[in-house]
Amino acid sequence: MFLFSLIGICAVIYYVIQFMVFYFLDSDFELYLLSKLGKPVESLRGKVVWITGASSGIGRDLAIILAKHSVRLCLSSRKQSELMKVKKDCLDASRGYLHSNDIFVMPMDMLEIESHQKYFDNVIDHFKTLDILVNNAGRSQRAEWNTIQLKVDRELFELDVFAVVNMSRIALNYFVTNGLQGHIAVTSSVTGLVGFPNSATYTAAKHALHGYFETLQNEGFGIDVTIFCPGPTATNFLQECFTSTSGEKFSKPVNADDRRLTSERCAELYAIALANKTPLSWAGTRPMNFIFYIGCYYPNVKRCLINTLGMANIDRLRNGRPLGSN
């Protein structure tokens, strides 16, 4: 009887400590440990990494962090002028270890799916190889469920899901054909773990990405697949958000006093996830990580937590606002 009581007490202590840790960390526990004990970002030195959506936000800061550790880069987005600024920042961050030819700027529109193979071939022509594809391009959404036009559902899925899947299939076939242990990463979102309100299409798209890429992880192609899920992050993403209406943008800035993870810190955690080839990682400020953890591993507890907090408060936390705020 004493033995069973001891086991029960140890189990309770374990879960209490685990919950407390998740409340205070800014990433999942595995990623936190890897940041202290795992492979450093420097282990990627000399690799070729292609980042889509690299002109701003997490993509931009990820490029700069990788350049700091002498990673060769292909930078893509629709905005060539912004990409050139990122290239300069990357060269400066490399402290002379990278040269202009080590950072290839390739403007592209992810929606030009028929041109994906051409874009991919351009990267291979320039570097002669590719080690990691980081699918970072995409847009978020702010809209009430019942007001969303079906056309918006289709447009968001074309960009955030189908374009990503198509580019990844091209990369996968390249890795397999050439016998390379390549690495495909996709920037998902914590909405891929928990269904947050007022972005139904975006949430569905991220859940779809998890379905596609978790399946890829399980199909034994001999490549690495990382799904990285940022929580509330201080970027300009709200400006470009889809709404409920086709052709409309949300066009609102992130509030300066929002409680969000900095883009630089998010990118640093992303780089650690890439260096350690994690299958699934997430990042965010407290108490969001606690909610992500519950949502991922304890769905029944998640429902009780959501009912207790209320969806209005969940939405406030998702948007970097404190509980009870407007």
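As the structure is a computational prediction, the values presented were derived from the model and not from experiment. (Residues numbered from 1 in each chain as written. Predicted model: local features only at pLDDT ≥ 70, side-chain atom pairs only at ≥ 80, totals over all residues. Heavy atoms only, no water.)

### Considerations on the pattern of salt bridges
Under the counting rule described, the total for this entry stands at nine salt bridges. A salt bridge links D26 to R265; the nearest nitrogen and oxygen atoms lie 2.8 Å apart. Separated by 239 residues along the polypeptide, D26 in the loop between helix 1 (2–24) and helix 2 (29–37) and R265 in helix 8 (residues 263–276) bring together distant segments of the chain. Members of the salt-bridge network, linked through shared partners, are D26, R265 and E268. (Salt bridge = Lys/Arg side-chain N within 4 Å of Asp/Glu carboxyl O. Helix = DSSP H or I, 4+ residues; strand = E, 2+ residues; numbered from the N terminus.)

### Re the nonpolar core
Within the largest apolar cluster, 53 residues are counted, with the highest numbers of intra-cluster contacts made by W50, M106, F120, L130, I184 and F213. Listed by contribution, the elements that provide at least two residues to this core are strand 1 (48–52), helix 5 (116–127), helix 6 (150–177), strand 5 (183–187), helix 7 (200–217), strand 6 (224–230) and helix 9 (288–297). The element contributing the most residues to this core is helix 6, with 13 residues. Beyond its immediate chain neighbours, meaning those up to four positions away, I184 contacts L133, N135, S168, A171, L172, F175, F213, L216, I223, D224, V225 and T226. I65, V86, A185 and L269 belong to the second-largest nonpolar core, a separate cluster that totals 38 residues. (Core = buried A, V, L, I, M, F, W, Y, C linked by side-chain atoms within 4.5 Å. Buried < 20%, exposed > 50% of the residue type's maximum accessible area, 1.4 Å probe, protein only. Contact = heavy atoms within 4.5 Å.)

### With respect to helix 6
Look at helix 6: 38 Å from first C-alpha to last across 28 residues, which is about the 40 Å you get at 1.5 Å a residue. The sharpest bend along helix 6 reaches about 45° and sits at E158. (Expected span 1.5 Å × (residues − 1). Bend = angle between axes of the 7 residues up to and from the residue.)

What is shown is where atoms sit, not what they do.
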